[in-house]
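Observations on the model geometry
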Amino acid sequence: MTAFSERPGRPDLLVVTPMLFGSGGCAVYYTLLTKALVNCGYRVTVVSERLPRGASGLPGSEYIGLLTPRSSVELGVARNAPLYALNNLELLRLGHVTRRVMPRSVLIHTGLLNRAGPFRMYLPKYAQTCRDDGIKLVADARDNLLPEEQIPLLDCFDEVVCCSLNVVNRIEAGLAQRSAAHHIPVMFDLPKPDRERAARALARVGCHGPFLLYVGALKDDKGVSTILKSFHRLQDTDLAGYDLVLAGPMKRVRRESRALMKNTRVKRVGAVPHRVALGLMEEAACCVNVSPSEGMPRASLEAMGANGCVVLPPGIPEFEAHAPAAVCDPPTEAELSAHLTKLGREGWPRTTSYPLGEHAEDRVIPLYEQVLF
């Protein structure tokens, strides 16, 4: 890969994200976005986690490993909080990196502002440096995890990209300049599933029959505790013979959730590559997501494309408009267990009403071009 200092001209975009590799929604999104922009002829540099020795970034783009990795490793609260704080300190070097690269625009994932830390305090100074250098600064709001009282901090940015209508509404309510918020749908792509490795992952954890699937980080604020409690209720229903497969790294779950994971029918396959996750989706009876903090969950889009039978989280206008029957509202353990029982009795019907074409690359990239460049 050619270093940016050896390439002629000014880079178009600097992407700053806490993660780029793995099967998580954020990692897949930035991978797709970077590749699509590179294919359109743009020069992109990505700032994210430091890579293992021998690994490389994405073809056609420059990669700067600034942050200590924390995205795809098993972390409890005791380890996650210090690593987040360390990332915050490492981000204080972002001004130096930006002036070294000198892009036309910078796109920053707002997840880097979710918790208190020095980067929040540094952001106004960084924004002024970008303005002085003629660099456009764009926030990328991928979910609803930014605390309400911190939304005005986004006024430091020239523009704010929001991945869904619920995120737009929430961000606009806290911005001084509401016109800065732009809705750009999550880019959707469905590569060929790795069915062979998915089958091996299932066999490794002893899953040999029908199963329900959750794909994502194992965090209680992602609705994992609700899924576990509702699955416990299913042991006295027609679905008693089903397993629950959890595909994602362990993050922050309470003691009660950890205890429920000890159920022999709960199978943890851990963090798996993207194509393996898609293979699991194809095999699952139903893919479940009831996270209360989602903007537009990529795993749910992929599940509708790869499998078809899904349980979707509430509060997302696009889902409520196009696939209301799949939405679990309210997302309680009782409602979810009743919802799953009903779907099982109906033969796990496919959810085909959602317009996945709205998330196609040829529709989404022009919207990014308007905001970024």
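Look above for the structure.
First, a word on what this report is: a plain description of the structure on this page. Think of each chain on its own: its residues are numbered from 1, step by step along the sequence as written. Selection of residues for local features in this predicted model requires a pLDDT of at least 70, selection of side-chain atom pairs for listing and counting requires 80 or more, and totals for whole chains, interfaces and linings are taken over all residues. As a rule here, side-chain values come from all non-hydrogen atoms in the structure, and water together with hydrogens is ignored.

1. Digging into the pairing of strand E8 (residues 211–215)
Consecutive side chains along a regular strand alternate between the two faces of the sheet. For every residue, the accessible area (1.4 Å probe, protein chains only) is compared with the maximum for its type, and the residue is labelled buried under 20%, exposed over 50%, or partly exposed between those bounds. The way it works is that DSSP assigns letters per residue, a run of H or I at least four long becomes a helix, a run of E at least two long becomes a strand, and they are numbered from the N terminus. Taken across its five residues, E8 has five buried, putting it largely inside the fold. Both E8 and strand E9 (residues 243–247) contribute to a ladder of five bridges, which runs parallel. When the sheet's bridge partners are listed, leucine 213 is paired in E9 with valine 245. With helix H7 (residues 224–233) bridging E8 and the parallel E9, this β-α-β connection has right-handed handedness. When DSSP finds at least two bridges between two strands, those strands are taken to pair. Both E8 and strand E11 (residues 286–288) contribute to a ladder of two bridges, which runs parallel. In the sheet register, leucine 212 faces E11, and the bridge partner there is cysteine 286. With the strands aimed away from the viewer, a crossover counts as right-handed if its path from the first strand over the helix to the second runs clockwise.

2. A closer look at helix H1 (residues 25–39)
Its 15 residues place the ends of H1 21 Å apart at the C-alpha level, agreeing with the 21 Å of an ideal helix rising 1.5 Å per residue. Summarising burial for H1: twelve of the 15 residues are buried, a large majority. Of the residues making up H1, those classed as buried are Cys26, Ala27, Val28, Tyr29, Tyr30, Thr31, Leu32, Leu33, Thr34, Ala36, Leu37 and Val38. Positive phi shows up at glycine 41, right after H1, with a value of about 100°. Here the expected length of a helix is defined as 1.5 Å per residue gap, with one fewer gap than residues.

3. So, the packing of aromatic side chains
Only centres within 6.5 Å qualify two rings of Phe, Tyr or Trp (six-membered ring in Trp) as a pair; their planes then separate them into stacked at under 30 degrees, edge-to-face at over 60, and tilted for everything else. Summed over all chains, the structure comprises six aromatic pairs. The interplanar angle of 75° and the centroid separation of 5.5 Å between the aromatic rings of phenylalanine 319 and tyrosine 354 together place this pair among those described as edge-to-face. On the criterion of sequence distance, the pair formed by phenylalanine 319 in helix H11 (residues 317–322) and tyrosine 354 in the loop between helix H12 (333–345) and helix H13 (361–372) is long-range, its members being 35 residues apart. With relative accessibility at 8%, the residue tyrosine 354 sits in the buried group. An aromatic cluster is defined as three or more aromatic residues linked by ring pairs; in this entry it consists of Phe119, Tyr122 and Tyr126. Remark: a charge is flagged as sitting over a ring if the NZ atom of Lys or the CZ atom of Arg is within 6 Å of the ring centre and within 35 degrees of the ring normal. Over the aromatic face of tyrosine 29 sits the side chain of arginine 142, whose NZ or CZ is 3.6 Å from the ring centroid.

4. Some remarks on the nonpolar core
Across soluble globular proteins, nonpolar side chains show a tendency to be buried alongside one another. Counting 73 residues, the largest nonpolar core has Ile171 and Leu213 as the members making the most contacts within it. Of all the elements, helix H4 (residues 118–132) adds the most residues to this core, at six residues. Not counting residues within four places of it along the chain, the set of residues in contact with isoleucine 171 comprises Ala141, Ile151, Leu154, Val160, Cys162 and Ala181. Among the buried residues, those of types Ala, Val, Leu, Ile, Met, Phe, Trp, Tyr and Cys that are joined through side-chain atoms within 4.5 Å form a nonpolar core. We call two residues in contact when some of their heavy atoms are within 4.5 Å.

5. Quick notes on the sheet that holds strand E12 (residues 310–311)
Overall, parallel pairing links the five strands, which are arranged E10-E9-E8-E11-E12 in an open sheet. Of all the strands in the sheet, just strand E10 (266–268) and E12 have a single pairing partner and so form its edges. The sheet contact formed by E11 and E12 spans two bridges and is parallel. Paired with valine 288 across the two strands is valine 311, which belongs to E12. Sheet contacts for helix H9 (residues 274–283): E8, E9 and E11; angle to E8, the most-contacted strand, approximately 150°. Axes here mean lines fitted to C-alpha atoms, for a helix over just the part in contact, with angles spanning 0 to 180 degrees between N-to-C directions.

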